[in-house]
Amino acid sequence: MSVKVHYFASLRERVGCAEESLDLQPGATVRDAWDRGRAGFPIPQNTLCALNEEYTSLDANLSDGDRVAFFPPVTGG
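Description of the structure in this document.

Regarding the overall build of the protein chain
Point 1. Counting secondary structure elements, the protein chain contains 2 helices and 5 strands.
Point 2. Walking the protein chain from its N terminus toward its C terminus, one meets helices and strands in the order β-α-β-α-β-β-β.
Point 3. In terms of its C-alpha atoms, the protein chain occupies a principal-axis envelope of roughly 40 × 25 × 20 Å.
Point 4. Taken across its 77 residues, the protein chain has 39% of its residues classed as buried.

Observations concerning the sheet that holds strand S4 (residues 54-56)
Through backbone hydrogen bonds, the strands of a sheet pair up, either in parallel or in antiparallel fashion.
Point 1. Pairing within the open sheet is mixed, and its 5 strands lie in the order S2-S1-S5-S3-S4. Because the sheet does not close on itself, it has two edges, and the strands there are strand S2 (19-23) and S4. With strand direction ignored, the average angle separating the axes of adjacent strands in the sheet is 30°.
Point 2. Both strand S3 (residues 48-51) and S4 contribute to a ladder of 3 bridges, which runs antiparallel. Within S4, the position partnered with Leu51 by the bridge is Glu54.

Observations regarding unusual backbone geometry
Point 1. Although it is not a glycine, Ala9 sits at a positive phi angle of roughly 55°.
Point 2. Looking at where Ala9 falls in the secondary structure, it is placed in helix H1 (residues 9-15).
Point 3. The phi torsion at Asn52 lies on the positive side, around 50°, for a residue other than glycine.
Point 4. Position of Asn52 among the secondary structure elements: in the loop between S3 and S4.

Examining the environment of Gly27
Point 1. Relative to the assigned elements, Gly27 resides in the loop between S2 and helix H2 (30-36).
Point 2. Each C-alpha atom of the pair Gly27 and Met1 lies 9.4 Å from the other, and the pair is 26 residues apart in sequence.
Point 3. The residues contacting Gly27, other than those within four sequence positions of it, are Met1, Asp32 and Asn61.

Topic: the pairing of strand S5 (residues 67-71)
Point 1. As judged from the 4 bridges shared by strand S1 (residues 2-7) and S5, these two strands associate in the parallel manner. Residue pairing in the sheet places His6 in a bridge with Ala69 of S5.
Point 2. As defined by bridge partners, S3 adjoins S5 across 4 bridges and the pair is classed as antiparallel. Residue pairing for S5: Leu51 is matched across the bridge by Val68.

Thresholds, definitions, all that
- Residues numbered from 1 in each chain as written.
- Predicted model: local features only at pLDDT ≥ 70, side-chain atom pairs only at ≥ 80, totals over all residues.
- Heavy atoms only, no water.
- Helix = DSSP H or I, 4+ residues; strand = E, 2+ residues; numbered from the N terminus.
- Buried < 20%, exposed > 50% of the residue type's maximum accessible area, 1.4 Å probe, protein only.
- Pairing = 2+ DSSP bridges.
- Axes fitted to C-alpha atoms, helices over the stretch in contact; angles between N-to-C directions.
- Contact = heavy atoms within 4.5 Å.

Set out below in structure tokens:
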């Protein structure tokens, strides 16, 4: 199955791209998308994940054509 993965803000800079398409096995999760993508490093603590524009957990199952997004934790002052 194919999914599109988007990286935002500092994660985009660290990964080196804003988005990519991944081919994953059926039954893959959001965490699998991170692990299979360009990241090549453990997912930072408190990273926010979205699946088809709704916040979700790393354990959420993916389907063909899904859109996954990763956002760094937001801090304010």
